[in-house]
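Residue-level listing of the chains:
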Amino acid sequence: MTRRSKNPRAIVLTVGLLVGAIALLAREHRPSFLRPGLRLNAYITTADGNVSVVDLVRLRAVARIPVGPALSGLREHPTRPEVWGVSTQGGYVFVLDSRSNQVTARIPVGAAPFAVEFSADGNRIYTTSSGTDTLLAIDCRSHAFLGSAQTGREPVLARNTPNGKAILVVNHGDASLGIHDAATLAQHAKIPVVPQPDDVAIQPDGSLAFVLSRSQPRLSVVDLRRNVLLANLQLAGTPSDMLLKPDGGELYVISPDSHGLQVINTWTHEVGDYVMLGYAPTRGILSADSSLLYVTDVSASRVTAVDINNRRVIRTVNGRELLISVGQSPDAIRFDPAENLLLVVNRGSGDLSVIRARLENQSLLTMIPVGDHPQELAVKLF
């Protein structure tokens, strides 16, 4: 009996199926497909004064950049291929070029800066010196100083109002919220708020500001049109993070002390629903459509997904467990710009967890070592 000759059509079909399967697997395990020439990186500060760079397409660390001591306030520039931040101990703002992975500038700003804020057009950056009680504006292109002004005691944060006309300064030392003109930096109001304030969230219409203190179980509500304190809301526990819904209707306050999430109605200034999240929920991020809130749990070493509309923790999807285990002491959390990836900085284990962000196939892709006690996280597409 002679062996039957192979069918060329069957061979072509088999090869085609194999190529398709390989492409499907590649698509499944790569976070995104970018246009030629585009890159997507994560930048993570570490306790030893470095910034680690992670390629989010190849899913590996590609650089470790010495910057300076006590790094904080890491932010990606909205238009330029740069990442900015501060060295609190060094007293300067630094600029990191995303293309070369080099520090291109260190701009002295005074003792103990903590954060940076970009103007809406990306032309200027604001920072504060808590050691000299100063608000400063810097030109992002030339790195020249555009102005400075006195603030309250120990300013730790500056934020733009949505219309870009004012800068709100959180003064940690004298428990106040300063309102400064964005063009001249002159202060035209100072409102008392909760002791030791740390953060501020601003309504999209610029009518209200919510001021949080990580040492007080209270939250201040400030009327920005009349420049008065409206209320100090009592919380279930000391907060660690707050997130404002994009339409401004609700404020979500995360508290490790109360093991959960409180929902504040921003129109009535009332503390409403409570959602139990876990052992010690710490930081959160909202999806673009505001339907999901992802929260890191520093004690349980996991990420919890919350259905915001129905006020419930999503425990399973299509029969799969959705409480995603990550590294030790997870803290900072971000999406990539397309929300394909969810990124979590694990302080205890010194790595970055990369998670598929789509709810239907959400899972841990990998964990990438980034250095000693990672802290701040920025994501840049360029």
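To be clear, the structure that these remarks concern was listed above.
Scope of this entry: the structure provided in the associated data block.

Re the overall build of the protein chain
Consideration 1: Summing up its helical and strand segments, the protein chain has one helix and 35 strands in all.
Consideration 2: Computed over the C-alpha atoms, the radius of gyration of the protein chain is 23 Å, within 12% of the 21 Å expected from 2.2 N^0.38 for a compact globule of 382 residues.
Consideration 3: For the protein chain, the accessible surface area stands at approximately 16900 Å², while carbon and sulfur atoms represent 51% of it.
Consideration 4: Charge centroids of the protein chain, computed over 37 positive and 34 negative side chains, lie 10 Å from each other.

Focus on the packing of aromatic side chains
Consideration 1: Considering all chains together, one arrives at two aromatic pairs under this definition.
Consideration 2: Taking 6.1 Å as the distance between ring centres and 85° as the angle between the ring planes, the aromatic pair formed by Trp 84 and Phe 118 counts as edge-to-face. In this pair, Trp 84 is assigned in strand β5 (residues 82-87) and Phe 118 in strand β8 (residues 116-118), connecting sequence segments 34 residues apart.
Consideration 3: Ring geometry for Tyr 294 against Phe 335: centres 5.8 Å apart, planes inclined by 80°, an arrangement best described as edge-to-face. Remark: Phe 335 occurs in strand β31 (residues 330-335) and Tyr 294 occurs in strand β25 (residues 292-297); sequence separation between them is 41 residues. In this structure, Tyr 294 and Phe 335 share a single accessibility class: buried.

Overview of the environment of Leu 251
Consideration 1: With respect to the helices and strands, the residue Leu 251 is situated in strand β21 (residues 250-255).
Consideration 2: For Leu 251, a relative accessible area of 0% corresponds to the buried category.
Consideration 3: Between the C-alpha atom of Leu 251 and that of Asn 265, which follows or precedes it by 14 residues, the distance is 6.6 Å.

Notes on the side chain of Lys 380
Consideration 1: Following the sequence through the fold, Lys 380 ends up in strand β35 (residues 377-381).
Consideration 2: It is Glu 76 that comes nearest to the buried, bridge-free Lys 380 among opposite-charge side chains, at 7.4 Å.
Consideration 3: A distance of 2.5 Å separates the side chain of Lys 380 from the backbone oxygen of His 77, its partner in a polar contact.
Consideration 4: There is a polar contact of 2.9 Å between the side chain of Lys 380 and the backbone oxygen of Arg 80.

Concerning the sheet that holds strand β18 (residues 218-223)
Strand-to-strand pairing in sheets goes through backbone hydrogen bonds, with the strands running parallel or antiparallel.
Consideration 1: Taken in spatial order, the four strands make up an open sheet running β16-β17-β18-β19, and their pairing is antiparallel. Lying at the two open borders of the sheet, with one neighbouring strand each, are β16 (199-202) and β19 (228-234). Here the strands of the sheet are splayed against their neighbours by 25° on average, with no regard to which way each runs.
Consideration 2: Examined bridge by bridge, β18 and β19 share six bridges and lie antiparallel to one another. What sits directly across from Ser 220, in β19, is Asn 232.

Some remarks on the sheet that holds strand β20 (residues 241-244)
Consideration 1: Here we have four strands laid out as an open sheet, ordered β20-β21-β22-β23, and antiparallel in their pairing. The two strands at the open ends of the sheet, each matched to only one other strand, are β20 and β23 (270-276). Strand after strand, the sheet turns through a mean of 20° between neighbouring axes, direction not considered.
Consideration 2: Bridge analysis of β20 against β21 gives four bridges, and the strand direction is antiparallel.

Side note on the pairing of β31
On a regular strand, each side chain points to the face opposite its neighbour's, so the side chains alternate between the two faces of the sheet.
Consideration 1: β31 sits mainly inside the fold: five of its six residues count as buried.
Consideration 2: Inspection of the sheet shows β31 paired to strand β32 (residues 341-346) by four bridges, in the antiparallel sense. Opposite Phe 335, over in β32, you have Leu 342 as the bridge partner.
Consideration 3: The antiparallel pairing of β31 with β32 creates a hairpin that spans five residues between the two strands, and Glu 339 there sits at a positive phi of about 60°.

Structural notes on the nonpolar core
Consideration 1: Leu 168, Leu 177, Ile 179, Val 200, Ala 209, Val 222 and Leu 224 are the most contacted members of the largest nonpolar core, which has 17 residues in total.
Consideration 2: Per-element tally for this core: the top contributor is strand β13 (residues 166-171), with three residues.
Consideration 3: Ignoring any residue separated from it by four or fewer positions in sequence, one finds Ala 209 in contact with Leu 168, Leu 177, Val 200, Ala 201, Ile 202, Ser 220, Val 221, Val 222 and Leu 224.

Structural notes on the pattern of salt bridges
Consideration 1: Scanning the model with the defined rule gives 16 salt bridges in all.
Consideration 2: Its salt-bridge partner being Arg 75, residue Glu 117 comes within 3.1 Å of it at the nearest N-O pair. Taken together, the residues span a long stretch of sequence, with Glu 117 in strand β8 and Arg 75 in strand β4 (residues 71-76) at a distance of 42 residues.
Consideration 3: Residue classification places Glu 117 among the buried residues on the basis of a relative accessible area of 8%.

Parameters and conventions
- Residues numbered from 1 in each chain as written.
- Predicted model: local features only at pLDDT ≥ 70, side-chain atom pairs only at ≥ 80, totals over all residues.
- Heavy atoms only, no water.
- Helix = DSSP H or I, 4+ residues; strand = E, 2+ residues; numbered from the N terminus.
- Rg over C-alpha atoms; globule rule 2.2 N^0.38 Å.
- Areas by Shrake-Rupley, 256 points an atom, 1.4 Å probe, with all protein chains shown as cover.
- Lys, Arg positive; Asp, Glu negative; His and termini not counted.
- Charge placed at Lys NZ, Arg CZ, Asp CG, Glu CD.
- Phe/Tyr/Trp six-rings, centres within 6.5 Å; stacked < 30°, edge-to-face > 60°.
- Buried < 20%, exposed > 50% of the residue type's maximum accessible area, 1.4 Å probe, protein only.
- Salt bridge = Lys/Arg side-chain N within 4 Å of Asp/Glu carboxyl O.
- Polar contact = N/O pair within 3.5 Å; in protein donor to acceptor, adjacent residues only side chain to side chain.
- Pairing = 2+ DSSP bridges.
- Axes fitted to C-alpha atoms, helices over the stretch in contact; angles between N-to-C directions.
- Core = buried A, V, L, I, M, F, W, Y, C linked by side-chain atoms within 4.5 Å.
- Contact = heavy atoms within 4.5 Å.

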